[in-house]
Amino acid sequence: MKILPTWCRIIACLFALARLSMAADTTSVRLYQLNHYYTLNAFSRLNMNTPHFLIRANYQNSSNVYKKPGDPTRIKQENALETRFLYKQNPLFFIGPSFRGYRLSDEQHSSENDYTNSRIGMSGLLRKTLSLSGNAGLFQEKRRGIQDVGWYSALELLSENRKQMFTPALRFQYDKTPHRANYTTDNTLQFKTAFIEDIFNNLNLHFKETRREYFVNPSDLSRTEIRTTSTRQVQDKFSYIFPWKIRFLYNVRFSSTTDKLNFYLSDSSATRKRDSYQFHNQFVLTKKQGDLNVRGEFTMDQNQDQSSADRDEIRVPADYKYARKTINTQASYTLNTSDSLLLRYQVSLLHFDTPDSNNTDDRDELSYVVNPQLSLRLSPFIRWNLSGQMYLHHLIYLHAGRSGQNHWNRVYSLRSHLNLAIPARLTWSSTQSLSSNYFVYDFEDSAFVNVNSRIFRSLYIDQNVDYFFTSNWGISLRLSGRFEDDGALDWNSFIQDKSSERIQVNQEYLISYRKGAFKISGGPVFSKRWFYQKGLDDQWSLIHYVYRRGITGGFQFHRNVRFKYTLEAIRQSGQKKVYNQNGFLQIHFTL
């Protein structure tokens, strides 16, 4: 199947226009291009409710196309279509035919990934306090060139009122062919208990299991692989108000997953199994006193993975235990109606353990985060935000053979953002960000350890200006620069020895015209990057550069239609000039 990129564009537009002529709820089409690669994503949903019929239809398409002159066109495409045409027997009961189809075609990687599944049958829907729907019929499936047919049945029970105390959501589907049997069950029970305002308890129980049986040998349909995945989860959320208006919130969640695979190894059956357990415990206290808001949180997370196999020659992932304890605090103070101050603090301790004595990944990690933020309105048109962050992370390997890799990672950053907004005339956004990352090994001075501490620093500057001369005409300027360097570091003496630098500058100059909900813009774009490195003679030299020059343009109508296209000429050291093109078309309507 070969589809030309131009045809992709036409199909996308026609698809959107054709769907607009129907009573559709939502239609969305997005086409993206990067040189010889094209991506098309389309979604459409039809929802019609007439006095005698109920019609539901969904269509999804995802296509990746590679088209280059002289090379064969390669396409990976997924299509999914689901329709139900139900007749109203009475206001509560509906019945009618249904169809569901899915097709995967993969010419980019391997045709062995091709897969089709189509189902046709009858559906019924009963709406009362609970919504009961079911369908049954015949289906056809094709995978790895093997076509199989059989019958299917499905049942779904949902609550029409999600605010009631008991809310069930039960789903079950069963597929049967002469050689295989597959099923999926997905069940959720939710119990909501509201005592008084802000005092409640929500309990959620969830169980899901999926069984999939696959053919592995086209010449022997009796030989299959069976994968069974089960997920169980219990979650509870409790809220209570203590005296002095202190709110207490408690979240607890336990979940487990079992993944079991039955397969053939050396002409005999084998089994591989993996069990995962997760436990989450969270305590939160919040208090508001005038202009001061305080929040404290303590969280415990524990994970455990265990793998097993009934044959010694089967390799399985390493078992591990994971435990993290975290304390989060936050205090915010409102200085006045437009200014505020906020401070966040977090400390976290992680313990990672592998039962295998030959595994050296056992480690402890301790981290701190401090994050102050200040927001000030300097005038009716100007707002200034200033924030900083200090991140300290210490990793310690418990195995003596890896202690040389123990290290501290210290990251300090400062960010300033100034925003000027004069309605219908001028918008100016100015951002500056400074960051330093000190990566320091604990034992770099040891003669038995061959490691070197490093420093990474960056400065980022971004300026965005939008100015309108009239109600229709305006200009947009985008200027940004990033300056980075790294090198060796002696933390004790705090001596830094830079070894490389990177500089990048981006520029974009656009002129725009808008009329009502329609806007069109275009102009030149520039980008330059330089890479410098210091040699053994301490002399700096330019080792690589990349220059981009191009033009960009686009238009927008409301939020329903957006289009942008950019063409650039790229010149870089040691290579010939090449051209890069990218763009997208997006259509979205809700009727």
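These numbers come from a predicted model, not from an experiment.

**Focus on the overall build of the protein chain**
When its secondary structure is counted, the protein chain shows one helix and 28 strands. Here the C-alpha coordinates of the protein chain stretch approximately 80 × 65 × 65 Å along the principal axes. Counting only residues that meet the buried cut, the protein chain has 32% of its 591 residues in that class. In the protein chain, of all internal contacts separated by at least 6 residues, the share reaching a separation of at least 24 is 50%. Approximately 34800 Å² of the protein chain is accessible, and the part contributed by carbon and sulfur atoms is 57%. In the protein chain, 76 positive and 54 negative side-chain charges are present, and the distance between their average locations comes to 10 Å.

**Comments concerning the packing of aromatic side chains**
Evaluated as defined, the whole model comprises 23 aromatic pairs. For the pair Y102 and Y115, a centre-to-centre distance of 6.1 Å together with 50° between the ring planes defines the contact as tilted. Residue Y102 is found in strand 5 (residues 93-106), and its partner Y115 is found in strand 6 (residues 115-127); the two are separated by 13 residues along the sequence. Residue classification places Y102 among the partly exposed residues on the basis of a relative accessible area of 29%. Here the aromatic cluster, defined as three or more aromatic residues joined through ring pairs, consists of F238, Y240, F242 and F248. Its guanidinium or amino end placed over the ring of F139, R119 lies 4.8 Å from that ring's centre, counting from NZ or CZ. Here the guanidinium or amino end of R363 rests over the ring plane of F352, the centre of that ring lying 4.4 Å away.

**Let's talk about the confidence of the model for the protein chain**
Put simply, the protein chain has an average pLDDT of 89, and 94% of its residues get 70 or more. Segment residues 7-24: pLDDT under 50, and 34 contacts once partners within four positions in sequence are set aside and those in other chains are kept.

**A word on the pairing of strand 13 (residues 246-265)**
In this structure, strand 12 (residues 224-242) lies alongside strand 13, joined through 17 bridges in antiparallel fashion. Following the sheet pairing, V234 is matched in strand 13 by F254. Counting the residues that bridge the hairpin from strand 12 to strand 13 gives three residues, and of these W244 lies at a positive phi of roughly 60°. Pairing of strand 13 with strand 14 (residues 268-289), which is carried by 20 bridges, proceeds in the antiparallel orientation. Residue pairing for strand 14: S255 is matched across the bridge by Q278. Between strand 13 and the antiparallel strand that follows it, strand 14, lie two residues; S266 among them carries a positive phi value of about 55°.

**Comments concerning the pairing of strand 9 (residues 166-176)**
Of the strand pairs in this sheet, strand 8 (residues 146-159) and strand 9 are connected by eight bridges, and their pairing is antiparallel. Paired with L157 across the two strands is L170, which belongs to strand 9. Both strand 9 and strand 10 (residues 181-196) contribute to a ladder of eleven bridges, which runs antiparallel. The residue of strand 10 that forms the bridge with K176 is A181. Where strand 9 hands over to strand 10, the hairpin turn is made up of four residues, counted between the paired strands.

**Description of the side chain of S307**
Relative to the assigned elements, S307 resides in strand 15 (residues 292-309). The exposure class assigned to S307 is buried, which follows from its relative accessible area of 14%. In this structure S307 touches K273, R274, V316, P317 and D319, once residues within four positions along its chain are discounted.

**Concerning the nonpolar core**
In this structure, V29, L31, L40, A42, V561, L585, I587 and F589 together form the largest nonpolar core, which totals eight residues. Among the elements of the structure, strand 1 (24-34), strand 2 (37-49) and strand 28 (578-590) are those that each provide at least two residues to this core.

Thresholds applied
- Each residue is numbered by its place in its chain's sequence as written, counting from 1.
- For a predicted model such as this one, the threshold for reporting local features is a pLDDT of at least 70, and the threshold for listing and counting side-chain atom pairs is 80 or more; totals across whole chains, interfaces and linings nevertheless cover every residue.
- Working from all heavy atoms in the structure, the side-chain values ignore hydrogens and water.
- The way it works is that DSSP assigns letters per residue, a run of H or I at least four long becomes a helix, a run of E at least two long becomes a strand, and they are numbered from the N terminus.
- Categorising residues by exposure relies on relative accessible area from a 1.4 Å probe, with only protein chains included: less than 20% of the type maximum marks a residue as buried, more than 50% marks it as exposed, and the intermediate range marks it as partly exposed.
- Note on contacts: a residue pair is in contact if any heavy atoms of the two residues lie within 4.5 Å.
- Calculation of accessible area relied on Shrake-Rupley with a 1.4 Å probe; when residues are assessed, cover is drawn exclusively from the protein chains displayed.
- Asp and Glu are treated as the negative residues and Lys and Arg as the positive ones, with His and the ends of the chain left uncounted.
- Lys charges are placed at NZ, Arg charges at CZ, Asp charges at CG and Glu charges at CD.
- Only Phe, Tyr and Trp rings are paired, with Trp represented by its six-membered ring, and only when their centres lie within 6.5 Å; those with planes under 30 degrees apart are stacked, over 60 edge-to-face, the remainder tilted.
- Placement of a positive charge over a ring is assigned whenever Lys NZ or Arg CZ falls within 6 Å of the ring centre and within 35 degrees of the normal to the ring plane.
- What pLDDT reports is the predictor's confidence in each residue, on a scale of 0 through 100.
- Strand pairing is assigned whenever DSSP identifies at least 2 bridges connecting the two strands.
- Nonpolar core, defined: a set of buried Ala, Val, Leu, Ile, Met, Phe, Trp, Tyr and Cys residues in which side-chain atoms within 4.5 Å join the residues together.

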